[in-house]
Structure formats: structure tokens, C-alpha cells
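# Overview (structure and organization)
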2 protein chains.
Amino acid sequence: MWMSELSERSGLPVATIKFYLRDGLLPAGEALGATRSRYDEPHLRRLRLIRALVDVAGLRLETVRTILAAVDDESLPLHTVIGTAHVQLSSADSLPAPTGASRRRVDRLLCRLRWRVSADSAHRVALARALDSLASLDFAVSDELLDDYAAAMRPVAKREVSSVVSSAPEQATEKAVIGTVLLEPVLSIVRRMAQEDASSRMSRRGHR
Amino acid sequence: MWMSELSERSGLPVATIKFYLRDGLLPAGEALGATRSRYDEPHLRRLRLIRALVDVAGLRLETVRTILAAVDDESLPLHTVIGTAHVQLSSADSLPAPTGASRRRVDRLLCRLRWRVSADSAHRVALARALDSLASLDFAVSDELLDDYAAAMRPVAKREVSSVVSSAPEQATEKAVIGTVLLEPVLSIVRRMAQEDASSRMSRRGHR
């Protein structure tokens, strides 16, 4: 298809698509002459993936670029691709390091759960930092709440990952990114709805 | 305390604090003469809340401003403050409207769950839009997965909201924001860890 059709079917302005091409986020089309290129279904699909990562998951283009590079690198095992997508979500190098106490608390949690999370995982740092932030606001996150979260997430994650692993190999890496990065907002929105429901039921009892 | 101490205790540069003051995110201190002002513990606390909303929850300052305005408006009932914080997370007016099919699917889900989520809630739109985005990538989110998410989130949300409602009234609104906005990243990080664990166990069986 030509650029005009790619724009129409993706719903994106030509200028945006050209920006992604220049930026390397979208592979070049098949050049037919000096100024015309033809594009394919995979181009359309890639555009939709970029938009979903930006619009639904709220990621920055820089982060999207790193995730797509991992998807495109066929030498990487699936576990590594999932890891890369994950690390991009959790990492924030510019933020202060977490306290040792929070780091140890996260280590103890994972040890208690017997979860296999690598020792240098960005998630350990991100969780410890979040706990520090909440503590600075006098909001103590109890071990019970963390255990509740873990108990709620374990079956969900197992189902999500096994659906990815069981898909056809050529789709598996893209599915891994969708299943890990793009289902996260879905779960968060369901949690907000559950909170709206709980808040609506409790507020009838007359609390401010 | 003076500005220098506020900067030291919050870990934020004076320039950043002055920006928040000019921007109205941080209330003015007590003016002592033309160029000096004195600040208080609530100022320090507000700075920490702003940083947590930006660094941990990844919100933009514009969104933080709207949430803080709801916290500061004592005329608003708690349920409304939680709602405002929520809507800020889910809303994205610039994005295309979801399809009618997805809207109806979300309506049916909430009906099936008997959750009280207002008919014009931004969450309904956000979830429908996320489903559309995933569908455009040929990723069908099954009813079973949505039901799993709902089953996992219901007890978590109930515990979270009841801990907020039971706190002292003067802290309740701030706690509501922390408990809804800042615990969301904590839960997401726990999910990523659970996925890393599941992926690590499954990848040993030799899938790419």
C-alpha cells in the first residue's frame, strides 16, 4: 500500500508516520523510484503497536524504541524480551537510590514468596523506591498488603505468561510485549473500577 | 524552616521548589520581610507528595495540579476526591473514542460483576479504548481474563479503600490519593515480578 493508505488505515497523519520512519521506529518501505515507497501489513501492525504503547501504556518514544529493538532482535530468547520490556517500565535511573532497609524488605518478600526474580532486577529497585516514597508520606505499606498483592498477581501472571509462551514462535515476542506492557493498563483500570465500586458502597455510610 | 532547610529535607533543588511556588502547586510560606519566607511541615509533606506523584506514579505536573486541587477542596466528599484522582489517571480526551462494541462489552462486564461504576465514568471509556487497541493488534482479551482481573482486584480494592475510609478525616483525602494513585505502581511492579518468576520457570522448558 502507499503512504496515503497506510495513514488512512492506521488513523495516523502522514507527518507522524514520516517521523517514525526517520526515527527508525518504523522500518523503511520498499522503495519504488526516488520519492515513492510501498508499505505492507507488517508496517501497519508496527504502527498500531507503537500507538498502543504510547497511548494506552503511556510510554515515551525512547522507551518504545528500546522495547521494539528487543522484539526485532531474533537472537534474544523470549524470557529476555519480556525482561527488557519490563525493565523499561521499572527503570528510572535519574531517581535517588532506595534505602537499604527497603531493599532488604523487598528481598525478604521475594524470598518468602520463593519468586525467581534476578538479584539485579530493576523491579527490586523500583519497588523499594516506591516503598520509600510512601514512607516519606507516613503511608506504611504493610507486609499483609504486599502479600495480598502477590497472592492476587501470581495466578494472573501465570495465565498471562503461559498464553504468550504457547503462541506461535514468530508471534511470541510481540505477544509477550503486548501481554506484559499493554495488559498492565487494563488491570490498572479494572482496579480503579473496583475501587470506585468499593468507595461508592462505603461512602453511603456517611464518611467524608 | 527557611527555604534552604526545606530544600535539604525534601532533597529538591531550591529552583524546583520556587517553580512549584510560582506554579501554585505549593502554597506560599509565611512572609517575613520582602524576600524571606518561613515554611512548615505541611510544606515539606506537600513537596514529598508532588515528587511521589511525579516520580513513582509518573504523572505530569498538570495532572498533579488537578489532583491536589481536589485534595485541598474541603467541600468535596471523599468519594469525589478518589473519583477525581482516578479520572485523571484514566482520562485522555485527545484519544479517539472507543468502538461501540467495546463500550458494550465493558458495560456487560460491569453489569455481570454488579459493580457500581457511574455510567459516564472515564474508566469505562479507558477500558474500552484499551480493548480496541489490543484488538487492532489481533490480541483478543478474553472474558475469562477480564473476570480473572476483576476477581483478583476486588478484595485488593476493598482492603485499600476501607483503610482510607477508616483514617482520621483530616488525613483521609490525602490518604485516598496515596492509596489509589501511589499504590497502583506498587501493584504493577509486583505483577512484573510475578511475570518474571512465571517466565523464568516456563522458559526452562526451552521455548524461545
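Structure's up top.
Below is a short write-up of the structure.

Another aspect to go through is the interface of chain B and chain A. With 85 residues of chain B at the interface, the matching set in chain A holds 86 residues. Here chain B meets chain A over a buried area of about 8400 Å², counting both sides, of which 66% is carbon and sulfur. At the junction of chain B with chain A, the criterion picks out 12 salt bridges. Between R192 of chain B and E184 of chain A there is a salt bridge, and its shortest N-O distance comes to 2.6 Å. The interface formed by chain B and chain A holds 24 residue pairs in polar contact (both at pLDDT 80 or more) in total. For the side of chain B that touches chain A, the secondary-structure elements that each account for two or more residues are α3 (41-56), α5 (78-90), α6 (100-113), α7 (122-136), α8 (143-165) and α9 (169-203) of chain B. Tallying contributions element by element places α9 of chain B first for the side of chain B that touches chain A, with 26 residues. Residues belonging to the side of chain B that touches chain A are distributed by class as follows: 43 nonpolar, 18 polar and 24 charged.

Here we take up unusual backbone geometry. Despite not being glycine, R114 of chain A has its phi angle at roughly 60°, a positive value. As for its placement among the helices and strands, R114 of chain A is situated in the loop between α6 (100-113) and α7 (122-136).

With that settled, consider the relation of the copies chain B and chain A. Between chain B and chain A, the superposition needs a rotation of 180° and an axial shift of 0.0 Å, giving an RMSD of 0.0 Å. Interpreted geometrically, this transformation is the action of a two-fold axis. For chain B, the residue whose C-alpha comes nearest the rotation axis is A152 of chain B, separated from it by 2.5 Å. Same-surface contact between copies: 100% of interface residues of chain B are shared with the interface of chain A.

Here we come to helix α5 (residues 78-90) of chain A. An α-helical segment advances 3.6 residues per turn. Residues three or four places apart therefore align on the same side. Residues and elements named next belong to chain A. When the terminal C-alpha atoms of α5 are compared, their 18 Å separation across 13 residues agrees well with the 18 Å that a helix rising 1.5 Å per residue should span. Turning to α5, its buried residues number three or more, namely L78, V81, I82, A85, H86, L89 and S90. Projection of α5 onto a plane perpendicular to its axis shows the buried side chains occupying an angular sector of 165°, all on one side.

Turning our eyes to something else, we now look at the pattern of salt bridges. In total, this model carries 33 salt bridges over all chains according to the counting rule given. Measuring nitrogen to oxygen at the nearest pair gives 2.5 Å for the salt bridge that ties D148 of chain A to R159 of chain B. Separated into two different chains, D148 of chain A in helix α8 (residues 143-165) and R159 of chain B in helix α8 make up a pair that spans both. Residue class for R159 of chain B comes out partly exposed when judged on its relative accessible area of 36%. Of the charged contacts in the structure, one is a salt bridge between D107 of chain B and R124 of chain B, with a shortest N-O distance of 2.8 Å. Of this pair, D107 of chain B sits in helix α6 while R124 of chain B sits in helix α7, and the two are 17 residues apart along the sequence. On the accessibility criterion, D107 of chain B (30% relative accessible area) is partly exposed.

Glancing now at α6 of chain A. Residues and elements named next belong to chain A. With 14 residues, α6 extends 20 Å between its outermost C-alpha atoms, agreeing within 8% with the 20 Å of an ideal straight helix rising 1.5 Å per residue. Three or more residues of α6 are buried, namely S102, V106, L109, L110 and L113. Axial view of α6: buried residues confined to an arc of 90°, hence all on one face. Positioned one or two residues after α6, R114 has a phi angle of 60°, which is positive.

Scoring rules and cut-offs
- Residues numbered from 1 in each chain as written.
- Chains lettered and ligands numbered in written order.
- Predicted model: local features only at pLDDT ≥ 70, side-chain atom pairs only at ≥ 80, totals over all residues.
- Heavy atoms only, no water.
- Contact = heavy atoms within 4.5 Å.
- Buried area = accessible area lost by both parts, 1.4 Å probe.
- Salt bridge = Lys/Arg side-chain N within 4 Å of Asp/Glu carboxyl O.
- Polar contact = N/O pair within 3.5 Å; in protein donor to acceptor, adjacent residues only side chain to side chain.
- Helix = DSSP H or I, 4+ residues; strand = E, 2+ residues; numbered from the N terminus.
- Nonpolar A, V, L, I, M, F, W, Y, C, P; charged D, E, K, R; others polar.
- Least-squares fit on C-alpha atoms with pLDDT ≥ 70 in both.
- Expected span 1.5 Å × (residues − 1).
- Buried < 20%, exposed > 50% of the residue type's maximum accessible area, 1.4 Å probe, protein only.
- Arc of directions from axis to C-beta.

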